[in-house]
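Inside the fold
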Amino acid sequence: MRTFLLFWVLAFMLASCQNYNMPTVSPYSPYPEISQRQPRISPENVIDFNTIWNSKPKNDKSIIRGNIKILNSSILLGELYLAKAVSTSNPEIFLLELDQSTAPRAFIDRTTGNFIFVDIEPDTYGIIAWEPMNSFPLNDSKGNTLYIQAQPGKIVDLGEIFIP
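Here's a quick rundown of the structure. (Residues numbered from 1 in each chain as written. Predicted model: local features only at pLDDT ≥ 70, side-chain atom pairs only at ≥ 80, totals over all residues. Heavy atoms only, no water.)

**Digging into the pattern of salt bridges**
The test is simple: The salt bridge definition used is simple: a Lys or Arg side-chain nitrogen within 4 Å of an Asp or Glu carboxyl oxygen. Working definition: helices are DSSP H or I runs of at least four residues, strands are E runs of at least two. Numbering for both runs from the N terminus. The cut-offs for exposure are 20% and 50% of the maximum accessible area for each residue type, with area from a 1.4 Å probe on protein chains only; residues under the lower value are buried, those over the upper are exposed, and the others partly exposed.
This model, assessed by the stated rule, comprises 7 salt bridges. Salt-bridge contacts for K58 lead to D119; the nearest nitrogen and oxygen are separated by 3.6 Å. Remark: D119 occurs in strand β6 (residues 114-120) and K58 occurs in the loop between α2 (49-53) and β2 (62-70); sequence separation between them is 61 residues. When its relative accessible area of 47% is taken as the criterion, K58 is described as partly exposed. With a closest N to O distance of 3.6 Å, D157 and R65 form a salt bridge. With D157 in strand β10 (residues 155-163) and R65 in strand β2, this residue pair connects regions lying 92 residues apart in the sequence. For D157, a relative accessible area of 46% gives the class partly exposed. Residue R65 is classed as buried on the basis of its relative accessible area, which comes to 16%. Among the charged side chains, a salt-bridge network with shared partners connects E79, R105 and R110.

Worth remembering: the numbers are spatial, not functional.
Right, dumping it as structure tokens:
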């Protein structure tokens, strides 16, 4: 009897906690008649992507930019990060080191696929594509990890990069 009473008290408490102001349709709905959400630029605090895209590098920094094309509709690109290329005992092989809290993150115009990294320290990098369930380095046209050499005062334009 005590268990039965406890069950009903808990059920009543949970039912009374329901928030009736919550939307019943996700704001990320793909259906325009339900949601008028527009594609966004990431990071969210960007006001004008064209201003960033047309910016010039500082004398001691670099800019890396390009256009990302996703060929597989099951890939949900979250973000692009620059990972430092770290030397190994084999001078021809690098490892990519990524710390999401400190790594440069690309500004991405999600309507065009254009992305740009600004104020990048001169060094060798790889680009890590981060999606909700996976992350992976971007490859060059031969299928090898794409390494980028950022040089002071220069813009590195990668052109189109395809994610298969």
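This is not the end of the story, as more comes after the structure.
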